[in-house]
Amino acid sequence: MKKLIPSYVRVPLIFAIVFAALEYFIDSGDRPAFIKFPMVSIFLAVFLFLLIAIEIVVGAVDKVTYHLLSDEQKKQLDEAQSVPFTESKFYQGIMSKLTRSKTIEQESDIVLDHDYDGIRELDNVLPPWWVNLFYATIIFALVYLVRFHVIDDYTQAEEFNKEVAMAEEFKARNATTTPDNMSVDKVTLLTDAESIAKGKEIFTNTCASCHKADGGGLVGPNLTDDSWINGGGIKNVYKVISEGSPNNPSMVSWKKIIKPTDIQKIASYVLSLQGSKPVGAKAAEGKKWVEEATPATEVKPATDSTKVATTK
C-alpha cells in the first residue's frame, strides 16, 4: 500500500498532536506541563521513542515482504503505487459517492433530447451532500418555526437580557478576585500559606536569576534586609515588580507577563523574607525603610446620656 504521508512528516505530526493535547488538558498554571510535571516529559520521550520504533519495524517488515514477492507481484505492486492518489480506486470511489457523477462511457444513459446546434444536455443529478444539506436546512427551519413562533419558547431580546444578567452576576461575583482589578492602590499584604507558596514558586522561576532563590541578591539587590532602593512596604514592592524600577534599568516591568494578583503574591513573599539573613547575601543598598504607623485616634471617654447635667 502506498504511503501518502512519509514517516518524517507522520512522526512529528502525531507527536505534535499528542503534545498539544497534553498541554491543553493538563492544568499546569503559568508553566508548560512538560516542565512542571516531570512525568509528562518522561511520557513524551517514551511516546516519541515508540513512534520511531514502530516506523522502523513497519519499514523493515515492508522490505522483507517485498523481497518475498515474485517478480510479477513486485511489478503489480510497483504499478499500483505509481498511480496518483486522485486516480486511485479509493479516491474515485469516494468522489463517486459524493457526486454520483457518471463516467464518459455512461453519458449516453443521461443525455437529454434537447439539441442546440449540436450541443446536447446531460441530466446530471445534484450531489448527495448538497441534497442532504438542503433537507437538513428545511428540518432546522421547521423546528425553529415551531419553537420560536408557535410555542414562543423565548425571544432574542429575552435571550440577550438573560446573557447580560449572567455576565453582570459573574462580574459582581468575581469583582474582588479578577486579576485586572488588582492595582497598586488596592494591593494588600497577603500572609496565608497558599498565597506565600504561590509567590515563592513564581519568584523562584522568574526572579531568582537576579535576586537568588533565597532573596540574598545577585545582579539585583538583597531583598532580605530593611533597606530599599525604591521604598519598602507592599505598595512600593508591588509597584516595582509591576512597572519596573526607575533607579535600576535591570529591573524591568513584569505587568505584561505576570498577572496582577500573582504580582501581589510575589510582593508578599518578598516581604516575608525580611530578616531571614541568607548566607552570602549582598550588602544593603538604598535607604532604610520604616513602615509608617497608622496614627492613633484619640478616644473620648464614654458618657451616660441618661444622666442630666446639673447646673449651679
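Owing to the predicted nature of the structure, the values given are computational and were not obtained by experimental measurement.

Draft legend 1. Up close: the overall build of the chain. Summing up its helical and strand segments, the chain has 11 helices and 4 strands in all. Burial analysis of the chain (312 residues in total) assigns 21% to the buried set. Accessible surface, the chain as shown: approximately 23,900 Å² in total, 63% of it carbon and sulfur.

Draft legend 2. Highlighting the pattern of salt bridges. Enumeration according to the criterion identifies 6 salt bridges in this entry. Between glutamate 201 and lysine 36 there is a salt bridge, and its shortest N-O distance comes to 3.8 Å. In this pair, glutamate 201 is assigned in helix α8 (residues 193-206) and lysine 36 in helix α2 (residues 33-36), connecting sequence segments 165 residues apart. Using a relative accessible area of 22% as the deciding quantity, one classes glutamate 201 as partly exposed. A residue is classified by how much of its surface remains accessible, and lysine 36, at 27% relative accessible area, is partly exposed.

Draft legend 3. Examining the side chain of lysine 74 more closely. Inspection of the secondary structure puts lysine 74 in helix α4 (residues 71-82). No salt bridge is formed by the buried lysine 74. Its closest oppositely charged neighbour is aspartate 71, at 4.7 Å. Each residue touching lysine 74, except ones within four places of it in the same chain, is listed here: Tyr66, His67 and Leu69.

Draft legend 4. View of the environment of lysine 97. Tracing the chain through its elements places lysine 97 in helix α5 (residues 89-99). When its relative accessible area of 67% is taken as the criterion, lysine 97 is described as exposed. Remark: the alpha-carbon pair of lysine 97 and proline 127, spanning 30 residues in sequence, is separated by 8.6 Å.

Draft legend 5. Inspection of the packing of α8 against helix α11 (residues 260-272) at higher detail. It is at 7 Å that the axes of α8 and α11 come closest, and there the two elements cross at 95 degrees. In terms of orientation, α8 and α11 fall into the roughly perpendicular class. Contacts from Ser195, Ile196, Lys198, Gly199, Lys200, Ile202 and Phe203 in α8 reach Asp262, Lys265, Ile266, Ser268, Tyr269, Val270 and Ser272 in α11. Taken together, the residues that form the contact of α8 with α11 break down as 6 nonpolar, 4 polar and 4 charged.

Draft legend 6. Layout of a negative patch on the surface. A contiguous patch of negative charge, built from Asp71, Glu72, Asp78 and Glu79, is present on the exposed surface. Following the sequence through the fold, aspartate 78 ends up in helix α4. The partly exposed category is assigned to aspartate 78, whose relative accessible area is 37%.

Draft legend 7. Expanded view of the nonpolar core. With 22 residues, the main nonpolar core has Phe203, Val237, Ile241, Ile266 and Val270 as its most contacted residues. For this core, the secondary structure elements donating two or more residues are α8, α10 (233-243) and α11. For valine 237, the contacting residues outside a window of four places in its chain are Trp228, Gly231, Ala267, Val270 and Leu271.

Draft legend 8. Examining the packing of aromatic side chains more closely. Scanning the model with the defined rule gives 9 aromatic pairs in all. Relative to phenylalanine 134, the ring of tryptophan 130 lies with its centre 5.7 Å away and its plane at 10 degrees, an arrangement referred to as stacked. Note that tryptophan 130 and phenylalanine 134 are positioned in helix α6 (residues 128-150) at a spacing of 4 residues, about one turn of the helix. Here a set of aromatic residues connected by ring pairs shows up, and it is made of Phe15, Phe19 and Phe34.

Draft legend 9. Structural detail: the pairing of strand β1 (residues 111-116). Relative to strand β2 (residues 119-122), β1 runs antiparallel, the two being bridged by 3 bridges. Residue pairing across strands places tyrosine 116 opposite isoleucine 119, the latter belonging to β2. Linking β1 to β2, which pair antiparallel, is a turn of 2 residues; within it aspartate 117 sits at a positive phi near 55 degrees.

About the criteria used
- Residues numbered from 1 in each chain as written.
- Predicted model: local features only at pLDDT ≥ 70, side-chain atom pairs only at ≥ 80, totals over all residues.
- Heavy atoms only, no water.
- Helix = DSSP H or I, 4+ residues; strand = E, 2+ residues; numbered from the N terminus.
- Buried < 20%, exposed > 50% of the residue type's maximum accessible area, 1.4 Å probe, protein only.
- Areas by Shrake-Rupley, 256 points an atom, 1.4 Å probe, with all protein chains shown as cover.
- Salt bridge = Lys/Arg side-chain N within 4 Å of Asp/Glu carboxyl O.
- Lys, Arg positive; Asp, Glu negative; His and termini not counted.
- Contact = heavy atoms within 4.5 Å.
- Axes fitted to C-alpha atoms, helices over the stretch in contact; angles between N-to-C directions.
- Parallel < 35°, antiparallel > 145°, perpendicular 65-115°, else oblique.
- Nonpolar A, V, L, I, M, F, W, Y, C, P; charged D, E, K, R; others polar.
- Patch = residues over 30% accessible without salt bridge, like charges linked within 9 Å, V, L, I, M, F, W, Y side chains within 5 Å.
- Charge placed at Lys NZ, Arg CZ, Asp CG, Glu CD.
- Core = buried A, V, L, I, M, F, W, Y, C linked by side-chain atoms within 4.5 Å.
- Phe/Tyr/Trp six-rings, centres within 6.5 Å; stacked < 30°, edge-to-face > 60°.
- Pairing = 2+ DSSP bridges.

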